[in-house]
Amino acid sequence: MMAESRRTSFDWKSYLHLLLSALIPAEASPRARPLLLINRGGKNVLTVWLYLIGAAVACAYAIGAGFGWMPSTPILAVGCLGVASLFLVSAEFCTRRSRLQPASRPPPSAPHETPVGHDDHTLVDGIHDIVFQADRDATLTFLNRAWKTVTALDARDCVGTSFFHYVHPDDQAQNRERFLQILQPGNDAIRFETRLICRDGRQCWVEVRLTRRRGRHGQINGATGVMTDIHSRKRAEDALRARDRSLSTLLDHLPGTAFRCRNDRRWTMEFVSDGCFELTGYEAVDLLDQSSYDQLIHPEDREYVWDYVQTQLAQQKAFHLRYRIRTREGQEKWVEERSGGIFAGDGTLLAIEGFVSDVSGQKRDEERIVRESLRDTLTGLKSPALLLDRVAAAIRDDAVTPRPFALLRLDIDNLKRINERHGRATGDALLAQLGKRLGQLCRAGISVGRHGSDEFDILIHYDTALPDGRLPQLPDLARFTGQAAGDVCTEAVVCTGAWVDVIAGLLEAPFDIEGVDISISVRIGVALSIDPHSDAQSMLRDAMRAGCSPQCQRAGSAVRFAFASKRAQQSALRWRHSASEFERAFIADALAVSLVSNAVMDAGHGAIEGSARWHSPRMGTIPPAQMFLHAYQQGTLDALVSRYIEAVCTQGLLALRLGQRLAIRLDCMPPTASLLTSAAAALKSLPPKSAGRVDLLLALPAAHCVAPRQLDLRSLRESGVRVGLHITAASLDEDTALSAWLMVADFWRINVVSDAGRASGTDNRLSDLLELAARRGVAIVTAADSVATTAKG
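1. Digging into the overall build of the chain
Then, in step 1: Along the backbone of the chain there are 28 helices and 27 strands.
Then, in step 2: Within the chain, the fraction of its 793 residues that count as buried is 44%.
Then, in step 3: Taking contacts inside the chain between residues at least 6 apart in sequence as the whole, the part at least 24 apart equals 59%.

Here it is in structure tokens:
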């Protein structure tokens, strides 16, 4: 008994040490050992305490029996050992039962990882966001309770499975890419949005924030993350996008474009609806990238748009305006803008918002309405009101800057008979075709309108060139002839008569109306602006009365015309008679040559000036300017120049004394290339010695007539002919190209007769001209008939 006691006292410490070593790992820290007694490595707490109680009963019996504190009887020993065995069997039973159940948390993937304790579980489970851990293969190793709240899936069943198993199939590629990025060096945190598949099959949007998880030695073992439920936010965003799409669709289907822009000179766009493509030809992104919307606005409207918008913004008022834009294809469109400024609470302008729509069709309709009120619907010509306004404007302009014109009233004589014979529809068709023919006259300086059922009005300025390039120099020649003759009616009669001939040519051919040829006869009354008229209406009345006058002249078989004033009637009658006689009596023998000998003030010899006039048996002597104008109209100008020079040279060369030269005066018309060509051809027929003693005296033309560079004077000078200029007071008063002609003329002939009524500016220009001639070494010669002549050299 004593021996047994000694053996027991010897072994109890070793036995207790071995028991504690089995319960508590040696590597555990002293502070962690009490906790491991309660929950070691995640084992059931009841199992641990059963083991401890069984071991404590066995130890208590061994210690008590060893020290003799309790009797060492077999019955007591068996009882104590039986109780200890019962606790140990119960603990083993609990251990095996826990092993058969699925573990709520798998063992750590590495021996150095710190397990999650009870307090940590409580803390993490209290978070409303999903907290999770995953290894390098994206296998879930931990999920908190929020996982079940969001997905309705049990966290214990999901731990140990792949995270991608719960991701929407369309998002799996993105999630795999993000997970691989977090495992790569340099990516400590990643945030992205994805969709999870819940237990009932619905989708749930979450925002995932991943961070890298490292082991004890710094190696990357996986990822730790938080998933926030953003499904409500996503639904709100989808609803907002749907509303924006609805609004965008609504704006895109409106006939125009909505916009938001800055208040700068370039109208920089911040938003443009897709309707801009149909309006401007540009996509919305093109307009947003456009450096300046101002470039789309028509250049003539840019300043108006800017000034109007700034005025309205200064008053914080909405604005409504129309302007023109140019599309991408260069098409011009009228647009209507209804806009307003967006202001902050303190009155600061934030932006301009509005809507721009295409109103080109509406603008065309408005113009059509205006045009219908200003245009005749049947012929397309101007209405009586519009033509009357044009006549009034011409009268006002002529009073400021003289630009004479004529007003013609056309009256169809046989329209009533045509309507009675062929019907009103045929008469309307005839008027429509007549309107088209008269419409061919319309150009700058000419206006054509319909006044009544069978009356038409034509406004013609004298300086307007005839159509088809016929007689292009007629206006200048007519004005020159009128000034030379001192008759203001000459220009009006000549130009108006030429236009009447043009109109007669348009109306000469019959009109084809549904296979029927219909001819008309027309009476034309002419009122001239040089005649006294109180206003445009009185001028129209004078033209209408002139058409009914018995003093009518024929212009072709279909047209008769008459002038309103007696002065114009007489001038027109004289012109017609002289033209007809000149055509019949165009022979050289009918030219009367006039020679004038000039006296010389200083050293040198004089000159003989020669000119020729035509003597009409009926009209008397015709001035050279009028004779040359007749020849120009009849197409015989070249023949007249040849006969003119031949007649002057035949008599003038015989009258020359030693050292004198013959100056042939061709100042009866403005110098032209055709005139000089004809003169050169005529002078070539003279003997060389005679041609060397001949000069040509030309008129100084107005600045708009012809330039010196347009004339070729070399052929004349090669034959010894000198070219001079005849300068008159009228040419000094007009805007002439005197400085340019000075460089090409060989001598000047200045003919300025003293006139008290002449402007003082003419005398000043004459003085300057004489000083210039003196500086250039030009000699001054006077003539017996008060004609001063200067000759070079």
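2. So, helix α20 (residues 566–584)
Then, in step 1: In a regular helix each residue adds 1.5 Å, so 19 residues correspond to 27 Å; α20 covers 27 Å between its end C-alpha atoms and thus fits that length.
Then, in step 2: Among all positions in α20, only A568, Q569, S571, A572, W575, S578, A579, E581 and F582 are buried.

3. Some points on the packing of α20 against helix α21 (residues 624–634)
Then, in step 1: Contact geometry for α20 and α21: axes closest at 10 Å, N-to-C directions at 70°. Comparing the axis directions of α20 and α21 gives the class roughly perpendicular. The residues of α21 that touch α20, namely those facing W575, S578, A579, F582 and E583, are Q626, M627, L629, H630, A631, Q633 and Q634.
Then, in step 2: Taken together, the residues of the contact of α20 with α21 break down into six nonpolar, five polar and one charged.

4. Some points on empty space enclosed by the protein
Then, in step 1: The final tally for this structure, using the stated rule, is three cavities of 30 Å³ or more.
Then, in step 2: Here the largest cavity defines a volume of roughly 100 Å³.
Then, in step 3: Around the largest cavity, the lining is made up of 13 residues, and of these F259, C261, W267, Y323 and E337 lie nearest the centre.
Then, in step 4: Within the residue set of the lining of the largest cavity, elements represented by two or more residues are β6 (256–261), α12 (302–314), β8 (319–326) and β10 (349–358).
Then, in step 5: Residues belonging to the lining of the largest cavity are distributed by class as follows: twelve nonpolar, no polar and one charged.
Then, in step 6: Approximately 60 Å³ is the volume found for the second largest cavity.
Then, in step 7: Lining of the second largest cavity is provided by T257, F259, M269, V272, C276, T280, L287, Y293 and V356.
Then, in step 8: Those elements giving two or more residues to the lining of the second largest cavity turn out to be β6, β7 (269–272) and α10 (276–280).
Then, in step 9: Per-class residue counts for the lining of the second largest cavity are seven nonpolar, two polar and no charged.

5. Focus on the sheet that holds strand β18 (residues 559–563)
Then, in step 1: Within the open sheet, the six strands sit side by side as β12-β13-β11-β16-β18-β17. Their pairing is mixed. Both outer strands of the open sheet, β12 (446–450) and β17 (553–554), are each paired with one neighbouring strand and no more.

6. Let's talk about the packing of helix α15 (residues 415–422) against helix α16 (residues 424–439)
Angle between the axes and distance between the axes are the two parameters that describe a pair of packed helices.
Then, in step 1: Contact geometry of α15 with α16 gives a least axis separation of 6 Å together with a crossing angle of 135°. Between α15 and α16, the angle is such that the two are oblique. Note on element contacts: α16 touches α15 through R424, T426, G427, L430 and L431, opposite L415, I418, N419 and H422.
Then, in step 2: Across the contact of α15 with α16, the residue classes break down as four nonpolar, four polar and one charged.

7. Some thoughts on the nonpolar core
Then, in step 1: Counting residues in hydrophobic clusters, the biggest one holds 93 residues, and the most contacted among them are L408, L410, L441, I458, I524, F628 and I664.
Then, in step 2: It is helix α18 (residues 488–508) that contributes the most residues to this core, 13 residues altogether.
Then, in step 3: Other than its neighbours up to four places away in sequence, L408 contacts F456, D457, I458, I460, T496, V500, I503, I524, G525 and V526.
Then, in step 4: One finds A134, A146, A155 and I182 within the second-largest nonpolar core, a separate group that totals 31 residues.

8. Section: unusual backbone geometry
With glycine set apart, most residues show a phi of negative sign, and most peptide bonds adopt trans.
Then, in step 1: The phi dihedral of A152 is positive, around 65°, even though this residue is not glycine.
Then, in step 2: Inspection of the secondary structure assignment puts A152 in the loop between α6 (146–151) and α7 (155–158).
Then, in step 3: Even without being glycine, Q316 reaches a positive phi, approximately 55°.
Then, in step 4: In this fold, Q316 is placed in the loop between α12 and β8.

9. Here we look at the pattern of salt bridges
Then, in step 1: Tallying each qualifying case throughout the model produces 37 salt bridges.
Then, in step 2: The partner of E237 in a salt bridge is R233, with the nearest N and O atoms 3.4 Å apart. With E237 and R233 both in helix α9 (residues 231–252) and four residues apart, this pair spans about one turn of that helix.
Then, in step 3: Residue R233 is classed as partly exposed on the basis of its relative accessible area of 37%.
Then, in step 4: Taking the shortest distance from any N to any O, the salt bridge between R328 and D286 comes out at 3.5 Å. Of this pair, R328 sits in the loop between β8 and β9 (332–343) while D286 sits in helix α11 (residues 284–289), and the two are 42 residues apart along the sequence.

10. A closer look at the side chain of N175
Then, in step 1: One can find N175 in helix α8 (residues 172–183).
Then, in step 2: Contacts of N175, omitting those with residues within four sequence positions, involve F163, F164, V167, F192 and T194.

11. Examining the pairing of β18
Then, in step 1: Counting buried residues along β18, four of its five residues qualify, which places the element largely inside the surrounding structure.
Then, in step 2: Judged from the five bridges that link them, strand β16 (residues 522–528) and β18 form a sheet pairing that is parallel. For R523, the partnering residue across the bridge sits in β18 and is R560.
Then, in step 3: Both β17 and β18 contribute to a ladder of two bridges, which runs antiparallel. Note that in β18 the partner of R554 across the bridge is R560.

12. As for the sheet that holds strand β5 (residues 220–229)
Then, in step 1: Taken in spatial order, the five strands of this open sheet run β2-β1-β5-β4-β3, and their pairing is antiparallel. The sheet is open, and its two borders are formed by β2 (140–143) and β3 (189–197), each paired with just one other strand. Strand-to-strand twist of the sheet, defined as the mean angle between neighbouring strand axes without regard to direction, takes the value 25°.
Then, in step 2: Pairing geometry for strand β4 (residues 203–214) and β5, over nine bridges, is antiparallel. When the sheet's bridge partners are listed, R212 is paired in β5 with A223.
Then, in step 3: On the sheet, α8 packs against β1 (130–135), β3, β4 and β5 and is oriented at approximately 150° with respect to β3.

13. Overview of the side chain of T490
Then, in step 1: With respect to the helices, strands and loops of the structure, T490 is situated in helix α18.
Then, in step 2: A residue is classified by how much of its surface remains accessible, and T490, at 5% relative accessible area, is buried.

Basis of the calculations
Residues numbered from 1 in each chain as written. Predicted model: local features only at pLDDT ≥ 70, side-chain atom pairs only at ≥ 80, totals over all residues. Heavy atoms only, no water. Helix = DSSP H or I, 4+ residues; strand = E, 2+ residues; numbered from the N terminus. Buried < 20%, exposed > 50% of the residue type's maximum accessible area, 1.4 Å probe, protein only. Contact = heavy atoms within 4.5 Å. Expected span 1.5 Å × (residues − 1). Axes fitted to C-alpha atoms, helices over the stretch in contact; angles between N-to-C directions. Parallel < 35°, antiparallel > 145°, perpendicular 65-115°, else oblique. Nonpolar A, V, L, I, M, F, W, Y, C, P; charged D, E, K, R; others polar. 1 Å grid on protein atoms, 1.4 Å probe; cavity = no way out; pocket = protein on both sides within 12 Å on 5 of 7 lines; lining within 4 Å. Points joined across faces, edges and corners; volume = space filled by probe spheres on them. Pairing = 2+ DSSP bridges. Core = buried A, V, L, I, M, F, W, Y, C linked by side-chain atoms within 4.5 Å. Salt bridge = Lys/Arg side-chain N within 4 Å of Asp/Glu carboxyl O.

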